Amino acid sequence: MKLTASIRTISIALCLLGPASADELTTPGDAKSLGFSAARLARIAPWYQGRFDAFSPSDGLLPGAVVAIAKGGKLAYLQAIGFQDRGKTVPMKTDRSSGSRRCRSR
């Protein structure tokens, strides 16, 4: 339960970082020019993957995620992590949008 709460908290925090429409963001730009550390962004996927690997598929928890970080309407980071269907080992894709939650600022 703590893992799910942590992932939700991080997702909400990322949504609040700035206005960006998920429909307009498809290709990450230069993270450094947007004020992000490429080395720190590179730590995100392994952190999430470690959390996904920590539970079994029978736990029924989140099997994967797509993490996007944007600033000023420009995408700094886009990474698919884990699985769409862990039982069938179908990897998550960055273009997967059905059933996802999008965060937008208006």
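Asker: Help me understand the overall build of the chain, please; the structure alone is not making it clear to me.
Answerer: The helix and strand inventory of the chain stands at three helices and three strands. Listing each helix as α and each strand as β along the chain from the N terminus yields α-α-α-β-β-β. For the chain, the exposed surface amounts to about 7300 Å²; the carbon and sulfur share of it is 54%.

Asker: Even after reading the chapter, I still don't get the environment of serine 56, so can you show me in this structure?
Answerer: As for its position among the elements, serine 56 is in the loop between α3 (44-53) and β1 (64-71). Look at serine 56 and you get partly exposed, because its relative accessible area is 31%. Spatially, the C-alpha atom of serine 56 lies 9.6 Å from that of arginine 86, the residues being 30 residues apart in sequence.

Asker: Would you take a moment to explain the nonpolar core for this structure?
Answerer: Generally speaking, a soluble globular protein has its nonpolar side chains buried in company with each other. Within the largest apolar cluster, 14 residues are counted, with the highest numbers of intra-cluster contacts made by Ile44, Val67 and Tyr77. Where this core is concerned, the elements lending two or more residues are α3, β1 and β2 (74-85). A per-element tally of this core places α3 first, with four residues. For isoleucine 44, the contacting residues outside a window of four places in its chain are Val67, Ile69 and Tyr77.

Asker: Before we go on, may I ask you to explain the environment of tryptophan 47 in this structure?
Answerer: Here tryptophan 47 lies in helix α3. A relative accessible area of 29% means that tryptophan 47 is categorised as partly exposed. Separated by 34 residues in the primary sequence, tryptophan 47 and isoleucine 81 have C-alpha atoms spaced 9.9 Å apart.

Asker: How should the confidence of the model for the chain be read in this particular structure?
Answerer: Close inspection of predicted coordinates is inappropriate in any region flagged by low pLDDT. Scored by pLDDT, the chain comes out at a mean of 74, with 64% of its residues at no less than 70. Per-element confidence in the chain ranges from a low mean pLDDT of 50 for helix α1 (residues 2-15) to a high of 94 for helix α2 (residues 38-41). A low-confidence stretch, residues 16-20 (pLDDT under 50), is modelled with nine contacts involving residues beyond four sequence positions or located in other chains.

Parameters and conventions
- Sequence order as written defines the numbering, with residues in each chain counted from 1.
- With pLDDT at 70 or above as the cut-off, local features in this predicted model cover only qualifying residues; side-chain atom pairs require 80 or more to be listed or tallied, and sums for whole chains, interfaces and linings still use all residues.
- Derived side-chain values reflect all non-hydrogen atoms in the structure, with water molecules and hydrogen atoms excluded from consideration.
- Put simply, DSSP marks the helices as runs of H or I at least four residues long and the strands as runs of E at least two long, and each gets a number from the N terminus on.
- For the accessible areas, the method is Shrake-Rupley and the probe is 1.4 Å, while residue cover comes only from the protein chains on display.
- Throughout, exposure labels follow a simple rule: accessible area from a 1.4 Å probe, protein chains only, divided by the maximum for the residue type, with under 20% read as buried, over 50% as exposed, and the rest as partly exposed.
- Only buried residues count toward a nonpolar core, which is a set of Ala, Val, Leu, Ile, Met, Phe, Trp, Tyr and Cys residues joined through side-chain atoms within 4.5 Å.
- Contact criterion: two residues are considered in contact whenever any of their non-hydrogen atoms come within 4.5 Å of each other.
- On a range of 0 to 100, pLDDT expresses the predictor's confidence in each residue.

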